[in-house]
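For reference, the chains in residue letters:
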Amino acid sequence: SPQIKNYTLSIYEENNMTNANEYLVYISSGRFMLALLIKFFGNSPYFNSFSAGIFMFIATILLLIIFEKYQKSTKLSLIISGGLFISMPYVIGETLNFSMQGIYISFAYCSLLFSILMLISFIDAREKNGRLSFFVFFIVSSVTAFGIYQSFVVVFVFVISCIFFIRVRQIRSADSLK
């Protein structure tokens, strides 16, 4: 992909960067966490695709942890699932196409998958003290993901629906064995 070797600006990014109130533009579009992260870390194109790739690799590992927790998959199926996720045109296009925001969007993927993992841990936790920390991490990481890119609400609902479907199937399977 040319995005890895060279950076370009899309119209959306260019308009925001040339606007004197760049952060207000992001905040007004509901991307308050993106505005906050850009304020602290800047909007540099250098090493952006490389860093985004690292975050996408971390997101893939988090997704595979979630799969393994509920689906007891073989190593081959985990490798294939991870490869499909990280090479999906939408995922790569969304992460690397926004050259100035790729690192933040890939960070949002990590944050979203971490929030799902924390929600699962919250539901599965038996002791009250552990549940509270899982819930706090869930709230913080999901607000971070949704505050960077609101479209992650749809991804969240989809993944939670898949997990719910798998759990219902497992419960029915266990009941039929009794």
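Just above, that's the structure.
A few points on the structure. (Residues numbered from 1 in each chain as written. Predicted model: local features only at pLDDT ≥ 70, side-chain atom pairs only at ≥ 80, totals over all residues. Heavy atoms only, no water.)

## Here we look at the overall build of the protein
Next, step 1: A tally of helices and strands in the protein yields 10 helices and 0 strands.
Next, step 2: Its helices and strands in sequence order give the protein the pattern α-α-α-α-α-α-α-α-α-α, from N to C terminus.
Next, step 3: Buried positions account for 38% of the 178 residues belonging to the protein.
Next, step 4: Pairs at least 24 apart in sequence give 72% of the contacts found in the protein among residues at least 6 apart.
Next, step 5: Summed over its atoms, the accessible surface of the protein is roughly 10,800 Å², and 71% of this surface lies on carbon and sulfur atoms. (Helix = DSSP H or I, 4+ residues; strand = E, 2+ residues; numbered from the N terminus. Buried < 20%, exposed > 50% of the residue type's maximum accessible area, 1.4 Å probe, protein only. Contact = heavy atoms within 4.5 Å. Areas by Shrake-Rupley, 256 points an atom, 1.4 Å probe, with all protein chains shown as cover.)

## So, the environment of F55
Next, step 1: With respect to the helices and strands, the residue F55 is situated in helix α5 (residues 48–71).
Next, step 2: With relative accessibility at 24%, the residue F55 sits in the partly exposed group.
Next, step 3: The spatial distance from the C-alpha of F55 to the C-alpha of S106 is 5.4 Å, given a sequence separation of 51 residues.
Next, step 4: When neighbours within four sequence positions are excluded, F55 is seen to be in contact with I103, S106, F107 and C110.

## Description of the nonpolar core
Note that soluble globular proteins tend to have their nonpolar side chains buried in a common cluster.
Next, step 1: Counting residues in hydrophobic clusters, the biggest one holds 35 residues, and the most contacted among them are I66, Y109, L113, I116, I148, F152 and I163.
Next, step 2: Among the elements of the structure, α4 (32–41), α5, α8 (102–124), α9 (128–148) and α10 (152–177) are those that each provide at least two residues to this core.
Next, step 3: Top contributing element to this core by residue count: α8, with 13 residues.
Next, step 4: In contact with I66, not counting residues within four places along its chain, are L113, I116, L117, I120 and I163. (Core = buried A, V, L, I, M, F, W, Y, C linked by side-chain atoms within 4.5 Å.)

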